[in-house]
Amino acid sequence: MRAFLYDRPTAVGEAVAAVAADPQAAFLAGGTTQVDLMKDGVWTPDRLVDITRLPLRGILVESQQLKVGALTTMEQLAAEPVVEQRLTFVREALLLGASVQLRNMATIGGNLLQRTRCRYFRDPTVSACNRRSPDSGCAAVDNVARMHAVLGVDERCIALHASDVAVPLIAVEASVLVDGPSGQRRIPLTEFWVRADEGPSIENVLGHGDLITEIDIPLLPQGWRSGYLKVRDRASYEFALTSAAVALQMDGDMIGDIRIALGGVGSVPWRAREAEEMLRGTHVDPVRFEQAGRAVMASAFTVPGTAFKVDLAVRTLSRQLLTMTEASR
Amino acid sequence: MKTTRTTARAPSAQDQYTVDVFTVVNGAPAQWRVDTRTTLLEALRDTAGLTGTKRGCDQGACGACTVHVDGQRVLSCLMLAAQVDGRQVTTVEGLAGELGPHPLQEAFMRHDAFQCGFCTPGQLMSAACLLREGRAGSDADIREYMSGNLCRCGAYDNIVAAIRDVAKGTD
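Treat the numbers as computed from the prediction; the structure is a model and nothing was measured.

Rules of the game
- Residues numbered from 1 in each chain as written.
- Chains lettered and ligands numbered in written order.
- Predicted model: local features only at pLDDT ≥ 70, side-chain atom pairs only at ≥ 80, totals over all residues.
- Helix = DSSP H or I, 4+ residues; strand = E, 2+ residues; numbered from the N terminus.
- Rg over C-alpha atoms; globule rule 2.2 N^0.38 Å.
- Buried ≥ 20, exposed ≤ 12 C-beta atoms within 10 Å, placed from the backbone.
- Contact = placed C-beta atoms within 7 Å.
- Arc of directions from axis to C-beta.
- Pairing = 2+ DSSP bridges.

## Description of the overall build of chain A
Now for step 1: Within chain A, the regular secondary structure consists of 12 helices and 12 strands.
Now for step 2: By the compact-globule yardstick of 20 Å for 329 residues, chain A fits well, its C-alpha radius of gyration being 20 Å.
Now for step 3: Taking all 329 residues of chain A together, the buried fraction comes to 53%.
Now for step 4: The long-range share in chain A, meaning contacts at least 24 apart out of those at least 6 apart in sequence, stands at 64%.

## Some details on the overall build of chain B
Now for step 1: Broken down by element type, chain B carries five helices and five strands.
Now for step 2: Considering only C-alpha atoms, chain B reaches an extent of 60 × 30 × 25 Å along its principal axes.
Now for step 3: Counting every position in chain B, which comprises 171 residues, the buried fraction comes to 44%.
Now for step 4: Taking all contacts inside chain B whose residues are at least 6 apart in sequence as the whole, residues at least 24 apart take part in 56%.

## Considerations on helix 1 (residues 12-20) of chain A
Residue and element names in this part refer to chain A.
Now for step 1: Of all the residues in helix 1, the buried ones are A15, V16, A18 and V19. Buried residues of helix 1 fall within an arc of 160° about the axis and therefore sit on the same side.
Now for step 2: Those residues of helix 1 hidden inside the fold are in contact with strand 1 (5-7), strand 2 (25-28), strand 3 (47-50), strand 6 (175-180) and strand 8 (211-218).

## Structural notes on unusual backbone geometry
Now for step 1: Here the phi dihedral of A98 of chain A falls at roughly 55°; this positive angle occurs in a residue that is not glycine.
Now for step 2: When the 24 C-beta atoms within 10 Å are taken as the criterion, A98 of chain A is described as buried.
Now for step 3: Although it is not a glycine, N26 of chain B sits at a positive phi angle of roughly 50°.
Now for step 4: With respect to the helices and strands, the residue N26 of chain B is situated in the loop between strand 1 (18-25) and strand 2 (28-35).
Now for step 5: Look at N26 of chain B and you get partly exposed, because 19 C-beta atoms sit within 10 Å.

## Section: the pairing of strand 2 of chain B
Now for step 1: Examined bridge by bridge, strand 1 of chain B and strand 2 of chain B share eight bridges and lie antiparallel to one another. In the sheet register, V19 of chain B faces strand 2 of chain B, and the bridge partner there is V34 of chain B.

Quick look at the structure:
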């Protein structure tokens, strides 16, 4: 691991200033992605500004939303009773991710910023990686691929955003508060990540020194139900091959309103607006569920190792829609 | 270098890449001066000489390095030693009480819940937290909430049986 200086400020402004002043500095939170990448030599900051002692931990429950401190851990957010009642799919996504040990360390802010698990990105002996080094190529496209994206990608990069909780968070239109060198701003998660096919080396809209301080999560209205279905290679402690986050409100036997996002398929957590529009105001119909899934996956870019994800994502979404509408059928 | 505590000496160039960590390990105060890169796992094994905590994958995948920080189970291979400054660390050496082994340790022995034993310290530390978290209600729950601890020997059935025994208070 490359040598680094270590600071541990206790105020947000101090932390932002410390990183902003040094182009080679970076924030350190739970470390579950970062320490791993530093050991691999993929990420080589000269200075780490440890933000884990900043007062950014805890959950404020308001009538319409949760204000979640960026350092709140995955386990802490999952344990919040309001999350279980009003954001069921957020709780399910949290508890289906990683292991308890990792969830005790990983913060919600860090989860949103996690780097791709692409094995070629994480192996510095692989030179072709447009995400690591612009214009160097993409080893994943020509070699063994499986845990890779099929939406929001092209031949330049098929890196997957592997977060589970980000999937329901983008469905419910959460936003982040960011403190940075130029002040504070709010960024909706729908505008936070940058698709790999829009620039493989840029992952999100944050600038150097920008720090997520809070995640605001709107509560689902009363009467909505939600759930997260995750399909993976083993029963637990594994990333998603595909996943579906669905929240909906039934109006008799019709789908009144609906929110859908897919995981395991996109270079960014994937909001499925086409499917929402096809299903809103319609009767429960498994054929239509599949058509909605096909519409989302129509723009898929696949390589031999990821071609299975198109059908799997359609079926994952269809099954979750059936589960969520079950009481009405 | 800035830490939460300052030292009286003026920092030399080398000191910029070291950090003083004041922590409590298994109930006893500890002070380490370590390279900033030192993980908690390395500090426990190499600085504190507590080799019960095992280095398995060293990349957060196997759970062999599981310890408790402020009572919660974490992976010591992915945590910097500097991050436990001012916090309480418990390792497998601190699991047993003055009156003898922890009930989980007794149960693991009785159920033959290991073969090579390399993953066992992590399994024990993880299981001790699982019991406190109230997640041992069923075998399925035990398997799910122990899934961060791998056992290459495949002693899982016996590990689950040992934890189930302690959870039910049949020991």
